[in-house]
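Letter by letter, the chains look like this.
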Amino acid sequence: MIIMHYCFSLPADYDMTIIEQRIALNGARLMGFRGLIFKAYLFARKQDAELAVSENRYAPLYLWQDAESMHRFIQSPGFAALARDFGWPKIETWTALEAPKDLALISASSFVAISKQAVLPHSDLSVIKPAGTVSGWDVSRWQLLNVDFSSTAPLAGEDNYRIGYVAGENI
């Protein structure tokens, strides 16, 4: 499985209702997308005291069954429209180490906290333990990713988001 994430930082005066409307309009379009375990439509408002973030963001998070499914999405008209509207994103990917067997927790969550940490050179890789609802690593950058889904606001200092919608093949 592959975790995929990209983030668009938006101006401080950006009308975030545009993002919420975009999510409401387009969220269901990926329901049943073959190979998509889930897509969490994430956003953050700078003024949202519960998130304690420094900027407005739109930052979808995906969990793909395989690379072929991810490639099919990136080559789709939907992704082309996203790139046209917001710019060419830097897409980060991680090989999944941990993923939920039951997607009910993700579907019922309102918030996400994302943390990334370096895997130090010559670490004992056998003792790395996933710490999030979804976890993965990128061995090209030696980076560990932990994503926590929750119904309560995450701790300040994390990369925090609200969930606008969750779509997937079997959700």
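The rules behind these values
- Residues numbered from 1 in each chain as written.
- Predicted model: local features only at pLDDT ≥ 70, side-chain atom pairs only at ≥ 80, totals over all residues.
- Heavy atoms only, no water.
- Core = buried A, V, L, I, M, F, W, Y, C linked by side-chain atoms within 4.5 Å.
- Buried < 20%, exposed > 50% of the residue type's maximum accessible area, 1.4 Å probe, protein only.
- Helix = DSSP H or I, 4+ residues; strand = E, 2+ residues; numbered from the N terminus.
- Contact = heavy atoms within 4.5 Å.
- Salt bridge = Lys/Arg side-chain N within 4 Å of Asp/Glu carboxyl O.

Asker: Sorry if this is basic, but what is going on with the nonpolar core here?
Answerer: The nonpolar side chains of soluble globular proteins are, as a tendency, buried together. Residues Ile-3, Phe-38, Leu-42, Val-147 and Phe-149 are the most contacted members of the largest nonpolar core, which totals 26 residues. When contributions to this core are tallied by element, the ones reaching two or more residues are strand 3 (36-44), strand 5 (61-64), strand 6 (92-98), strand 7 (111-118), strand 9 (143-150) and strand 10 (159-167). Here this core takes five residues from strand 3, the largest share from any one element. With residues near it in sequence (within four places) discarded, Leu-42 still touches Arg-57, Tyr-58, Ala-59, Pro-60, Leu-61, Val-112, Ile-114, Tyr-161, Arg-162 and Ile-163. Met-4, Leu-36, Phe-79 and Leu-82 belong to the second-largest nonpolar core, a separate cluster that totals 22 residues.

Asker: Which parts of the structure should I look at to understand the pattern of salt bridges?
Answerer: A pair can form between side chains of opposite charge whenever their charged atoms are brought close. Taken as a whole and judged by the stated rule, the model has eleven salt bridges. Salt-bridge contacts for Asp-48 lead to Arg-162; the nearest nitrogen and oxygen are separated by 2.5 Å. Here the residue Asp-48 occupies a position in the loop between strand 3 and strand 4 (56-58), and Arg-162 occupies one in strand 10, the gap between them amounting to 114 residues. One network of salt bridges, with partners in common, ties together Glu-92, Lys-116, Asp-138 and Arg-141.

Asker: I'm lost on helix 3 (residues 77-86) in this one. Help?
Answerer: Residues that lie three or four places apart on an α-helix share one face, since the helix turns once every 3.6 residues. By the burial criterion, the buried members of helix 3 are Phe-79, Ala-81, Leu-82, Ala-83 and Phe-86. In the stretch just after helix 3, Gly-87 is the one whose phi turns positive, near 105°.

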